[in-house]
Amino acid sequence: LEMENESGQVFTGRDEVNELFQDWSKDFGKAQRYVNAAQSKNQRDTMHVMLSMPEMTDPEAVKIAVRQFSKTTFGQNHEYVFALQA
């Protein structure tokens, strides 16, 4: 599968995806999201969201909709990637 990030950069192949993961993983666990140290165990570095459409939906229309959803939902303060599996 190819993945696209918030900047429109496309990642294809295992090596590119692994490189992206390695880049992101440098920051895992570093976020100072909680003042109370007891709450820090609940911090989330990643999350998965699955969007599904009816079987006959045009794949390009799905990609456009997911791109817009991701930008609107996560684009203000998060890095993200999405992939389309037909």
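Up top is the structure these notes are about.
Residues numbered from 1 in each chain as written. Predicted model: local features only at pLDDT ≥ 70, side-chain atom pairs only at ≥ 80, totals over all residues. Heavy atoms only, no water.

**Q** Explain the overall build of the protein here, please?
**A** Across its full length, the protein holds two helices and three strands. Counting only residues that meet the buried cut, the protein has 15% of its 86 residues in that class. Of the contacts formed within the protein by residues at least 6 apart in sequence, a portion of 38% connects residues at least 24 apart. Accessible surface computed for the protein: about 7300 Å², of which carbon and sulfur atoms make up 50%. (Helix = DSSP H or I, 4+ residues; strand = E, 2+ residues; numbered from the N terminus. Buried < 20%, exposed > 50% of the residue type's maximum accessible area, 1.4 Å probe, protein only. Contact = heavy atoms within 4.5 Å. Areas by Shrake-Rupley, 256 points an atom, 1.4 Å probe, with all protein chains shown as cover.)

**Q** Sorry, what's going on with the pattern of salt bridges here?
**A** Note on pairing: side chains with opposite charge can pair once their charged atoms come close. Overall, the coordinates contain two salt bridges when judged by the stated rule. A salt bridge links Glu4 to Arg67, with the nearest nitrogen and oxygen atoms 2.7 Å apart. Of the two residues, Glu4 sits in strand S1 (residues 3-5) while Arg67 sits in helix H2 (residues 59-74), which places them 63 residues apart along the sequence. The buried category is assigned to Glu4, whose relative accessible area is 10%. (Salt bridge = Lys/Arg side-chain N within 4 Å of Asp/Glu carboxyl O.)

**Q** Just checking my understanding: could you explain the nonpolar core for this structure?
**A** Across soluble globular proteins, nonpolar side chains have a tendency to be buried as a group. With five residues, the main nonpolar core is built from Val62, Val66, Phe74, Tyr80 and Phe82. Look past the residues within four positions of Val62 in its chain and what remains in contact with it is Met53, Thr57 and Leu84. (Core = buried A, V, L, I, M, F, W, Y, C linked by side-chain atoms within 4.5 Å.)

**Q** Whenever I open this one, the side chain of Asn5 confuses me. Can you help?
**A** Mapped onto the secondary structure, Asn5 falls in strand S1. At 2.9 Å, the side chain of Asn5 forms a polar contact with the backbone nitrogen of Ser7. Among the polar contacts listed, one links the side chain of Asn5 to the backbone nitrogen of Gln9, at a separation of 2.9 Å. Residues contacting Asn5, with those up to four places away along its chain left out, are Phe11, Tyr80 and Val81. (Polar contact = N/O pair within 3.5 Å; in protein donor to acceptor, adjacent residues only side chain to side chain.)

**Q** Which parts of the structure should I look at to understand the environment of Val10?
**A** Within the fold, Val10 resides in strand S2 (residues 10-11). Residue classification places Val10 among the partly exposed positions, given a relative accessible area of 37%. Placed 73 residues apart in sequence, Val10 and Ala83 show a C-alpha to C-alpha distance of 9.6 Å.

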